Amino acid sequence: MFANGQEKGKQLTLKACYELARQRNALIKQAERSLQAREYALQAENRAYFPKVDLLAGYNYLGKPLEINLQQVKDGVVNGSAAQSVNTANTVFQQITGQPLPQNVQEVISNATKGLINAFYPNYNPQLAKQSYFVAGVGVRQPIYLGGKISAAQDLARSQVTAGQFNKQVVEQGLYFLISAQYLRIMYLNTILAHEAVIVDAFRKNRDYATSLKDNQILPPYLLNWAKVSYTQAANRYSNLELEKENALLEMNQLLGQPIDTPIFISDTLQYEQAGTGMGQDTAFWRNNPAYRLLESKTDLARVAVKATRSLSLPNLFAIGNVSLYQKDLPVTVPPWLIGVELQWTLFDGFQRNKRTKASKMLVEEATMAAENTKTSLELQLRVATNKVKALQHDVASLDSARQQAHLTTTLVTDRMENQLSSVKDVNDALLLEEEMHKVYYTAVMGYYLALAEYWNIAGTPEYFATYVNN
């Protein structure tokens, strides 16, 4: 819409400049991307309660195959078996004779049993499985209780989103002020160019009048040369102002995020109108300032960080499950599925959590102090801007009188020259003085407008300035 309006030569207002910059400026787009990233992070944290389903697979290669260590238990097996054989024989003998076996017979049976077992007992450790195996399955892990860690992470992400929103507002506010200053510069150049055209025409008429006097041998040649030089210099100043306006339009395109050769039309001129007297009445204006709100959001962020670090000392409880999909050459047989509850609780971490909690508390205090300092600074800046506006009002009033007096002087001197009561040089000097007083006056007017822009920028309502300028 704005592009079509520009192509048709429509006047570009300051509000339209704000809207174009909001749509196209690279800094605002960068802030928007940062905000979107934080919003996605918040959406991710909001899904932390969903179960985690993982495909678990692993291949393991052992340094050597698993073995049953029969050699380590050989003595126990031999001696135990021999003792058991002696005991069995002794029990049977007692049942028959009522007497225990003689000791020498028991020793014979024990030695015979040991010899028999030693003869058949393997002299190696048999392998239990192959040297490598592969397993695969699906694991499920559902958080049940995490000590407030998930809610703390969600609050942290939510605070990041809020900070991103205020950061975008800070970027927009700073850009709006730059656009306002550039818009005022173009208005100032439009005003000076309009008056400079009148001044150049006056110098031209003075040169032509001096030429006619010289042709009639009334005026010496050096005074004609003076008039020609004054006209040439005035024409050069006008040409330089046109180039300066062209540069200002190129810079405005850059601020708006447009190609620098995009044609834009700003024909407004500076018209002094005193602002309303309601300035400085809002005692809590700083709450509307994005810079203060950004620091305030950082304070909330630091408080959430304290909550998050405290939650680290609480246990975590998960519901777990696993379904076995495949197993090959595994030393033991794994059941096809399992479910259970898992507890995780860090009992000692070298007082790391304690130090982190203290650090988070210090960050809260730091953010609170920064917000308070920003509030004080904004109050000072607003007071200074208010006084600056009042001072420039007085300057504009006094310079307006001087400007009108300079114009009256030029008119009178021109009339006197036409009646041959003053010289061409007197007219040139009067025109130069009028030109300078006009520039000084409108410089003060532009300073007044800039002071208003600064005031409303500090107050957090830059849109008020756009409404004021384009009224």
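The structure presented is a predicted model; accordingly, all values stated were derived computationally and were not measured.

Quick look at the overall build of the protein chain now. For the protein chain, the count of helices and strands is 11 helices and four strands. The C-alpha atoms of the protein chain give 47 Å as radius of gyration, which overshoots the globular expectation for 471 residues (23 Å, by more than 25%). Taken along the three principal axes of its C-alpha coordinates, the protein chain extends 175 × 45 × 40 Å. The 471 residues of the protein chain split such that 35% are buried. Long-range contacts, defined here as pairs at least 24 residues apart, represent 84% of the contacts in the protein chain between residues at least 6 apart. Within the structure as shown, the protein chain displays about 27,400 Å² of accessible surface, and the carbon and sulfur contribution to it stands at 56%.

Attention now goes to the nonpolar core. Of all hydrophobic cores here, the largest spans 60 residues; its most connected members are L14, I179, M252, L270, Y449 and F465. Listing elements by their share of this core, those giving two or more residues are helix 2 (14-24), helix 6 (149-215), helix 7 (221-256), helix 8 (290-311), helix 9 (352-418), helix 10 (424-458) and helix 11 (462-469). Setting aside anything within four residues of it in sequence, one finds L270 in contact with L184, M187, Y188, T191, Y442, V445, M446 and Y449. The next biggest cluster of nonpolar side chains, apart from the first, holds 13 residues, and it includes V200, L224, V413 and V427.

One pass over the full model with this rule turns up 17 salt bridges. Taking the shortest distance from any N to any O, the salt bridge between R237 and E196 comes out at 3.7 Å. With R237 in helix 7 and E196 in helix 6, this pair connects stretches of sequence that are 41 residues apart. Using a relative accessible area of 22% as the deciding quantity, one classes R237 as partly exposed. On the accessibility criterion, E196 (1% relative accessible area) is buried. Close ionic contact of K388 with E454 constitutes a salt bridge, the shortest N to O distance being 3.3 Å.

On to the UniProt feature "coiled-coil region" (unreviewed entry) in the protein chain. Residues annotated by UniProt as "coiled-coil region" (unreviewed entry) correspond here to residues 231-258. When the span residues 231-258 is considered, its composition is 93% helix and 0% strand, and the gap between its end C-alpha atoms is 38 Å.

Our focus in this paragraph is helix 8. If you check helix 8, its first and last C-alpha atoms are 31 Å apart, about what 22 residues at 1.5 Å a residue would give, namely 32 Å. In this structure, the buried residues of helix 8 make contact with helix 6 and helix 9.

Nonpolar side chains collect at one region of the surface, where L55, V323, L325, Y326, W337 and I339 lie side by side and expose about 710 Å² of accessible area between them. Looking at the nonpolar patch, the elements with two or more residues in it are strand 3 (316-328) and strand 4 (337-344). We classify L55 as exposed; its relative accessible area is 65%.

The next subject is the environment of N354. Relative to the helices and strands, N354 is located in helix 9. Remark: the alpha-carbon pair of N354 and Q36, spanning 318 residues in sequence, is separated by 34 Å.

Together, R310, K355, K358 and K361 make up a region of like positive charge exposed at the surface. Top element by residues in the positive patch is helix 9. It accounts for three residues.

Inspection of the secondary structure assignment puts L241 in helix 7. Measuring from C-alpha to C-alpha, the distance between L241 and L193 comes to 6.8 Å, with 48 residues separating the pair along the chain. Apart from residues lying up to four places away in sequence, L241 is in contact with L189, I192, L193 and E196.

Note that strand 2 (residues 132-145) and strand 3 share 11 bridges and pair antiparallel. Within strand 3, the position partnered with G139 by the bridge is N322.

All told, the structure shown has 10 aromatic pairs when counted by the stated rule. Aromatic pair Y18 and Y176: ring centres 4.4 Å apart, planes at 25°, arrangement stacked. Taken together, the residues Y18 in helix 2 and Y176 in helix 6 connect sequence positions 158 residues apart. On the basis of relative accessibility, which here comes to 6%, the residue Y176 falls in the buried class. Ring centres of Y448 and Y449 lie 6.2 Å apart, and the angle between their planes is 85°; on these two criteria the pair is classed as edge-to-face. Accessibility assignment for this pair places Y448 and Y449 in one class, buried. Taken together, the ring pairs in this structure connect Y272, Y448, Y449, Y455, W456, F465 and Y468 into an aromatic cluster.

Definitions and limits used
- Residues numbered from 1 in each chain as written.
- Predicted model: local features only at pLDDT ≥ 70, side-chain atom pairs only at ≥ 80, totals over all residues.
- Heavy atoms only, no water.
- Helix = DSSP H or I, 4+ residues; strand = E, 2+ residues; numbered from the N terminus.
- Rg over C-alpha atoms; globule rule 2.2 N^0.38 Å.
- Buried < 20%, exposed > 50% of the residue type's maximum accessible area, 1.4 Å probe, protein only.
- Contact = heavy atoms within 4.5 Å.
- Areas by Shrake-Rupley, 256 points an atom, 1.4 Å probe, with all protein chains shown as cover.
- Core = buried A, V, L, I, M, F, W, Y, C linked by side-chain atoms within 4.5 Å.
- Salt bridge = Lys/Arg side-chain N within 4 Å of Asp/Glu carboxyl O.
- UniProt positions renumbered as here; feature names shortened; annotations may be inferred.
- Expected span 1.5 Å × (residues − 1).
- Patch = residues over 30% accessible without salt bridge, like charges linked within 9 Å, V, L, I, M, F, W, Y side chains within 5 Å.
- Lys, Arg positive; Asp, Glu negative; His and termini not counted.
- Charge placed at Lys NZ, Arg CZ, Asp CG, Glu CD.
- Pairing = 2+ DSSP bridges.
- Phe/Tyr/Trp six-rings, centres within 6.5 Å; stacked < 30°, edge-to-face > 60°.

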